[in-house]
Protein chains: 2
Amino acid sequence: MAEVSNKQVIFKDYISGFPTDADMYITTSTISLKVPEGSKAVLVKNLYLSCDPYMRPRMTYTTDSYVDSFKPGSVIEGYGVAKVLDSGHPNFSKGDLVWGFTNWEEYSLITSTEMLIKIPTTDVPLSYYTGILGMPGLTAYAGFYEICTPKKGEYVYVSAASGAVGQLVGQFAKLLGCYVVGSAGSKEKVDLLKNKFGFDEAFNYKEETDLVACLKRYFPEGIDIYFDNVGGKMLDAVLLNMRVHGRIAACGMISQYNLDKLEGVCNLINIIIKQVRMQGFVITSYYHLYPKYLEMVLPHIKEGKIVYVEDTVEGLESAPQALIGLFSGRNVGKQVVVVARE
Amino acid sequence: MAEVSNKQVIFKDYISGFPTDADMYITTSTISLKVPEGSKAVLVKNLYLSCDPYMRPRMTYTTDSYVDSFKPGSVIEGYGVAKVLDSGHPNFSKGDLVWGFTNWEEYSLITSTEMLIKIPTTDVPLSYYTGILGMPGLTAYAGFYEICTPKKGEYVYVSAASGAVGQLVGQFAKLLGCYVVGSAGSKEKVDLLKNKFGFDEAFNYKEETDLVACLKRYFPEGIDIYFDNVGGKMLDAVLLNMRVHGRIAACGMISQYNLDKLEGVCNLINIIIKQVRMQGFVITSYYHLYPKYLEMVLPHIKEGKIVYVEDTVEGLESAPQALIGLFSGRNVGKQVVVVARE
């Protein structure tokens, strides 16, 4: 069987601090476009790759996470949308479109097919399966509805609110009739929150010197629900502004991922005083909700009631910079890498 | 109506740091032993007073807690057991024994009777209504069964485990068939945990230089449930030892109450990684469970299946020292002040 060339993004070695260009490199190997005889793997052509904050902790060595560290010298793993070219698995056939765990390369032989989901409809942009219709969408859905147990009229705060997850949490909260404030790191993003995603209010956290006072200004009655994507100082300030019986969904702590020494959160006593429930979650525990989520979200997308903003770069060569950009907030909306358009 | 003399413990002024003798003083005023005409108050003779950690935050000025700060120059408020001498309230009669919110003095006119509960049985020590049959007992019950949602066989860790609440949480956990480890601050207390309360293991946290490693030793498989009475460094170490889907009941943070600058907790990222639920609670939200709790605990007490250790001092004059002693861990078991024995 003839092999074809296969461009790949390789993870160089474990890092501390912010990732840089030097931590990944592009190489070209070869791959057969056929699944090995007798294997239950699938062979896919990667179309869209997803840049997600949780990938940063994988660049540091740990044995104590819900997902393995990357392997130095190996191709980077991540969520993506792909087209099946060959399949040894009964659930997948040539021509199927799938989303799930794949590799940062042109073609991938995927042996862990339990993390692949067949794409049910293509009358939405295919790249949406890296975002609103993929892992970040399900994260926003499970995190907001299952973890936050929201009620109409409640006060909701979302950090990193223009990101892949945040923009959806805010829109879900508005659909339910909550009062929603979001924060982000630039004027452009703040405008997006207010004018595109329909947040009631939004602010640029980089321009606020006193986060506690800032939150008190936006939530004079306090916060019922905090959807936390950032952790650290923002979480500390939120704790001083929670309402009685408030809920905090601990979804991500991007402010901490590049620190060698984690920031201390000092105001946890308020979890007692305000009888707050803070709950962490990992999306792999909520995959069973995916069909229910699609049923809810697809009509909203088609009717324009929920919108989704992506930040797209072209070509596998652009992937390292796109991933790095997440941690300085360079991206506006969900960061996607286009490897190929079918 | 003749008045009688009424010894009182007065709170002097707001403090920072550890409370000392100088922050309270004894005075003698007078009181009428009759409820004012037309009032719905009750007039009680105080028998047992309860020293509880939550009283320390009341000695610092705040408007942002679930319970008001003490008033400088006023008598100290707290839980206690008392006998009704006169009543203007239809629910209480002369001769009734009650527990609930009273004052640190010989006789009290109680106008907020909604915080008083009639004592249903006296075939247990009356002082138990400051502890196992009072607020700390209900705290242990609601905290363990409602907040921790425990299952047989789970790994449970309790800090301040010989205290008023901790000793009960450990025994409830053992009754359910959990594996239970407790920590305390002296050899005497550790012995109590192992030999009197039936904890599987116990350790003196003051002798441990590396709390993370210490917990790993006692919980090689990790912790399913942490009942937190102390917060701070211990909570931080626990976070690195939690199991997937673990629960933390945030009951108290006594390690923080005397600090001007709260300690930072750095390992909250593990709440996400291990999908932990951390939930704070205040016992006033769980008073409706009291009858159910009594039904469960009274037979256990009578059959000797649950034991309770109190540390008793005699006389109102001893109350300030007893309260102060809580914060250096001087007390062994529930700290009670005997004002009078009926």
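Since the model is a prediction, treat every value here as computed from it, not as a measurement.

Take unusual backbone geometry next. For residues besides glycine, phi is generally negative; the peptide bonds are generally trans as well. Residues and elements named next belong to chain A. In the Ramachandran plot, alanine 160 falls in the positive-phi region, its phi being about 45 degrees despite a non-glycine side chain. With respect to the helices and strands, alanine 160 occurs in the loop between strand S8 (155–158) and helix H2 (166–176). For histidine 245, which is not glycine, the phi dihedral falls at a positive 65 degrees. Among the structural elements, histidine 245 can be located in strand S12 (residues 242–250).

Bringing the domain arrangement of chain A into the picture now. All names here are of chain A. In terms of domain boundaries, chain A breaks down into domain 1 (3–131 + 309–338) and domain 2 (135–284). Here the C-alpha centre of domain 2 lies 28 Å away from the C-alpha centre of domain 1. Listed per partner, the contact involves 24 residues of domain 1 and 19 residues of domain 2. Roughly 1,600 Å² of surface becomes buried between domain 1 and domain 2 when both sides are summed, with 65% attributable to carbon and sulfur atoms. On the domain 1 side of the interface with domain 2, the three residues burying the most area are Gly131, Val309 and Val332, jointly 28% of the side's total. For the pair domain 1 and domain 2, the number of links is zero salt bridges. Linking domain 1 with domain 2 are five residue pairs in polar contact (both at pLDDT 80 or more). Here the residues of the side of domain 1 that touches domain 2 are counted per class, giving 13 nonpolar, eight polar and three charged.

Bringing helix H4 (residues 211–218) of chain A into the picture now. Residue and element names in this part refer to chain A. Buried residues of H4: Leu211, Cys214, Leu215 and Tyr218, and no others. Viewed along the axis of H4, the buried residues span an arc of 95 degrees, placing them on a single side of the element. Between a side-chain oxygen at the N-terminus of H4 and the backbone nitrogen of valine 212 the separation is 3.1 Å; the capping residue is aspartate 210.

Moving on, we come to the sheet that holds strand S11 (residues 223–228) of chain A. Here 12 strands make up an open sheet; going across it, the order is S10(A)-S9(A)-S8(A)-S11(A)-S12(A)-S13(A)-S13(B)-S12(B)-S11(B)-S8(B)-S9(B)-S10(B) and the pairing mixed. Lying at the two open borders of the sheet, with one neighbouring strand each, are strand S10 (201–204) of chain A together with strand S10 (201–204) of chain B. Sheet twist, expressed as the average angle between the axes of neighbouring strands with direction ignored, equals 15 degrees.

About the thresholds
Residues numbered from 1 in each chain as written. Chains lettered and ligands numbered in written order. Predicted model: local features only at pLDDT ≥ 70, side-chain atom pairs only at ≥ 80, totals over all residues. Heavy atoms only, no water. Helix = DSSP H or I, 4+ residues; strand = E, 2+ residues; numbered from the N terminus. Domains from an automatic or database assignment. Contact = heavy atoms within 4.5 Å. Buried area = accessible area lost by both parts, 1.4 Å probe. Salt bridge = Lys/Arg side-chain N within 4 Å of Asp/Glu carboxyl O. Polar contact = N/O pair within 3.5 Å; in protein donor to acceptor, adjacent residues only side chain to side chain. Nonpolar A, V, L, I, M, F, W, Y, C, P; charged D, E, K, R; others polar. Buried < 20%, exposed > 50% of the residue type's maximum accessible area, 1.4 Å probe, protein only. Arc of directions from axis to C-beta. Pairing = 2+ DSSP bridges. Axes fitted to C-alpha atoms, helices over the stretch in contact; angles between N-to-C directions.

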